[in-house]
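So the chains spell out like this:
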Amino acid sequence: MPTRDVNEKIADMFDTIADVLELQGDIPYRIRAYRNAARTIRDLPQPIEEVAREGKLEDLPGIGKDLAAKILEYLETGRMSKYEEVVSQVPPGLIELLHIPGLGPKRVRLLHERLGISDLEDLRRALDSGRIETLPGMGKKTVENIRRGLALYEASKERMPLGRALPIAEEIARQIDALPGTARVVIAGSARRMKETVGDIDILTIAEDGEATIQAFVRFPQVRDILAAGDTKGSVVLHNGLQVDLRVVPPESYGAALHYFTGSKAHNIKIRTIAREQGLKVNEYGIFRGEERIGGEEEADVFRVLGMPWIPPEMREDRGEIEAALEGRLPTPVSLDDIRGDPHVHSKWSDGANTIRELAQAARARGYEYIAVTDHSPRVRVAGGMSVEKVWQRQKEIEALNREFDDFRILSGAEVDILPDGSLDYPDEVLAALDLVIVSVHSGFKMSREEMTRRILRALENPYVHILAHPTGRLIGQREPYPVDLEAVLRRAAELGVAVEINGYYLRLDLDDVNAHLAKELGCTISLGTDAHQVDHLSMMRYAVGVARRAWLEPQDVLNTKSLPDLLAWLQRRRSG
Ligand code: DGT
Ligand code: CA
Ligand code: CA
Ligand code: ZN
C-alpha cells in the first residue's frame, strides 16, 4: 500500500543533500533546487509513488529530469546513490548542526575546522567552555544567539508542528478505518485541539477484535519501533520520529474516552472536580453516579450531565471555557465553513508555484467567493518581488480572468515589505491601485524593540494598508518572534481599522492563539490567510481557523467571513477615512 510516508523520506533525503552541499559551499542554485524539490514533495497531498506511476513526476513544480530520476531510483531500489555519496563525505552530526537557528553553513564549517566540533554534544561543551568566543567573527552576542538557537532546536526536536503531524495522523486513521471490524476511529489529544505543535498522536477506535486491530496497526509500513502492543493499547514510533498511541475502547465508553484523551489535562482535571462537586464521577470509562453508569457513549454526555453545552476541543485548555460554558456565555468560535475567501496567496508573479488562474480555480473549488493575490514587493528579492511595471501587467491578467467568472472574484493585492524606516516598498499611487494591501516585515529583524515598534506603527499609518501579516515574524522551532511591543501595535491597528493576520502556514501560525485572543480583546479585526505559495497550501486555512478557535474568535471577529460585497465595502472604508 503506497503511503505519504515515502514522500517524507525522499523530501528528507533531498533536504540533507542540500545541507551537505551548503556545508561544502556549493553553488546556491543547486542547493535551492534540492530544497524546492523537498518542499514540493513534502507538501504533496498524494503518495509520490502514485505520481511516479502515472509518469507525472516532471509535472511537479521544481522537479526536472535529473531529480525525477533520483526519485525513481529510490522508489525502485530503496536507495539513492547521490544521497549516499554526499552523506558519506561529512560526519553525520555535523549536518544536524545546520538546523540550529543562528548557525549557517559558514559558521558550522568554522566550528568544525577550528574547534573540531562535529555534533550537538561537542557544540554544547564548546559553548560552556567559552572557546567559541575566541574564533574570528564570534562575538559575545553571536555566541548568545547560538546558545538560544540550540535551546530552541532542542525544544522543537521533541514536538512536531501540527501541520506535519496532522496529515500523518489522518492517514494512519484512514488505514485503521480500512481494517476489518473498525466501527469508529477518531484523532484525539493535542492534534484534535489543534495545538500548534504536538508531542505525540492519540487515536481512539471501536473495533470488533481489539487485539487484531492493534496487531495490524503496529505493522503499518510507517512504523519504525513498537513500544507496546496489547489488546486495548498499541504504541509505536514512526520513521519520522512521531509517536502514535492507539487505544481500542468499548462502545459504551467511546464518548468518555474521547473526552478524556482529547484533554487538555488541565481541562480534564477541572471537569472531574466539578463532577465530584455534583456527586458524579467522570473518567475515561464513563460517567457514574455511585455504581450507576449514566452516560459516556457520546462525548456530549460528559458536558450535558454537568449542565453545560459541548465545548469545542480547541477551547479545552482551562482558560475559562468551563466557567463560560456553565454561565451560558461560551462563544461559538469561527469554523472553516464560515470562511468565504483567502486574502493572502502568492502566484507565479512572485515566488508562488501556480498561475493566478490555477489558484482561482482551486479556491473556487473550495467554495470560496474570492482570493486576493498578494505577490511580494520588489525589496523581497529572494521571493521574486514584483516591479511596478509587473504590477500593471498582472493587473491586466487579473481583469481578464475576472471577466470569465461570474461567481468568483480575484482581488489584485500585494504583500508589501515594511522597510527598516517604516516606509513601504511601493509608492502610494501603486498602493491606491491595488484592491487589497498587506504589509509585513521580511528582513532587518535585528533592531531594538523600540525601533521595530516604531517601524511597524509607521507602516500602519499609511491609509492604503489593510492587513498586517505575520505580525511577530516567528517560525515555529526555527526563529523566535522579533522584539516588538505587540500590544501597542494591536491597539493602533484597532484604532486605524487595519486588520491583523493569523497566518495559516503551518510553520508561522502568527499571530498565535494567545496573541490572537489579545487582538480580539483590543478590538482588532483578524484576517485568516494561508500565505499559499502553491494550490495545495490553500488547505492550510484549517490551521489558521484552528488558531482562531483556540483564541475564541467568533465569525464577526474575522475579516474573511465577510461576503464579497461586505469585504469590498470594508476595504474601501479604510481608504475613505
Ligand atoms: P501532547 O501529546 O504533549 O501534544 O499533548 P496531549 O494533550 O495530546 O497529551 P498526551 O498525549 O500526554 O495525553 C493525551 C490526553 O490524555 C491529554 O490531553 C489528557 C489526557 N491525560 C493524559 N494524562 C493525564 C492525566 O494525568 N490526567 C488527566 N486528567 N488526563 C490526562
Ligand atoms: Ca498527544
Ligand atoms: Ca499520548
Ligand atoms: Zn506572503
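Residues numbered from 1 in each chain as written. Chains lettered and ligands numbered in written order. Predicted model: local features only at pLDDT ≥ 70, side-chain atom pairs only at ≥ 80, totals over all residues. Heavy atoms only, no water.

1. Some remarks on the pairing of strand E9 (residues 286-289)
Short version of the rule: When DSSP finds two or more bridges between two strands, those strands count as paired. Numbering of helices and strands runs from the N terminus; a helix is a DSSP stretch of H or I covering at least four residues, while a strand is a stretch of E covering at least two.
Direction of pairing for strand E8 (residues 281-283) relative to E9: antiparallel, over a ladder of 3 bridges. Among the inter-strand pairings, Asn 283 is bridged to a residue of E9, identified as Gly 286. Here E8 hands over to E9 after 2 residues, the two strands then running antiparallel side by side.

2. Some points on the coordination of the calcium ion (ligand 3)
For a metal with four donors in a tetrahedral arrangement, the ideal angle between donors is 109.5 degrees, while six donors in an octahedron ideally sit at 90 or 180 degrees. How we decide: Distances decide who is a donor: an N, O or S atom must be within 2.8 Å of the metal, or within 3.2 Å for Na, K and Ca. Water is not included, so sites may look incomplete.
The coordination sphere of the calcium ion (ligand 3), as far as protein atoms go, consists of Asp 200 (OD), Asp 200 (OD), Asp 202 (OD) and Asp 245 (OD), spread over 2.3 to 2.7 Å. In terms of primary sequence, the donors binding the calcium ion (ligand 3) are separated according to D-x1-D-x42-D. Here the calcium ion (ligand 3) and the calcium ion (ligand 2) are spaced 3.7 Å apart, linked through Asp 200, which binds each one.

3. Looking at the domain arrangement of the protein
Stated precisely, the cut-off is as follows: For every domain, the bounds stem from an assignment made automatically or drawn from a database. Buried area adds together the accessible area that both of two parts lose upon being put together, with accessible area traced by a 1.4 Å probe. Take a side-chain nitrogen of Lys or Arg and a carboxyl oxygen of Asp or Glu: if they are within 4 Å of each other, that pair is a salt bridge. Two N or O atoms count as a polar contact when they lie within 3.5 Å, although within protein this holds only if one can serve as hydrogen donor and the other as acceptor, and sequence-adjacent residues are included solely when both atoms are side-chain atoms. For this scheme, ten residues count as nonpolar: Ala, Val, Leu, Ile, Met, Phe, Trp, Tyr, Cys and Pro. Four count as charged, namely Asp, Glu, Lys and Arg, and the remainder, Gly too, count as polar.
Looking at the protein, the domain boundaries give domain 1 (5-157), domain 2 (160-248), domain 3 (253-326) and domain 4 (336-576). Just the C-alpha atoms count here: the centres of domain 3 and domain 4 sit 39 Å apart. Across the domain 3 to domain 4 interface the summed buried area is about 660 Å²; carbon plus sulfur atoms make up 51%. Its largest share of buried area at the contact with domain 4, domain 3 owes to Glu 314, Met 315 and Arg 319, together 77% of the area lost on that side. Summed over the shared surface of domain 3 and domain 4, the result is 3 salt bridges. When the shortest N-O distance is used, the salt bridge between Arg 319 and Asp 513 registers 3.3 Å. Taken together, domain 3 and domain 4 are joined by 3 residue pairs in polar contact (both at pLDDT 80 or more). A class-by-class count of the residues in the side of domain 3 that touches domain 4 yields 3 nonpolar, 1 polar and 4 charged.

4. Concerning the sheet that holds strand E10 (residues 292-295)
Our working definition: Every angle, taken between N-to-C directions, lies between 0 and 180 degrees, and every axis is a line fitted to C-alpha atoms, over only the stretch in contact when it is a helix.
Here 3 strands make up an open sheet; going across it, the order is E8-E9-E10 and the pairing antiparallel. A single partner strand is all that each edge strand has here, and the edge strands are E8 and E10. Mean inter-strand twist for the sheet, computed between neighbouring axes without regard to direction, equals 35°. Two elements, E9 and E10, share 3 bridges in a ladder whose sense is antiparallel. Following the sheet pairing, Arg 289 is matched in E10 by Glu 292.

5. Observations concerning the side chain of Arg 574
Cut-off, in case you're wondering: Categorising residues by exposure relies on relative accessible area from a 1.4 Å probe, with only protein chains included: less than 20% of the type maximum marks a residue as buried, more than 50% marks it as exposed, and the intermediate range marks it as partly exposed. Counting rule applied: Lys, Arg positive; Asp, Glu negative; His and chain ends not counted. By the convention used here, residues are in contact when the closest approach between their heavy atoms is within 4.5 Å.
Summarising the element assignment, Arg 574 is placed in helix H24 (residues 564-575). One buried charged residue, Arg 574, forms no salt bridge at all, with the nearest opposite charge on Glu 461 at 5.9 Å. Here Leu 460 takes part through its backbone oxygen, which lies 3.1 Å from a polar atom of the side chain of Arg 574. Side-chain polar atoms of Arg 574 contact the backbone oxygen of Leu 496, separated by 3.3 Å. The residues touching Arg 574, leaving out its near neighbours within four places in the chain, are Leu 460, Glu 461, Asn 462, Pro 463, Val 465, His 466, Leu 496, Gly 497 and Val 498.

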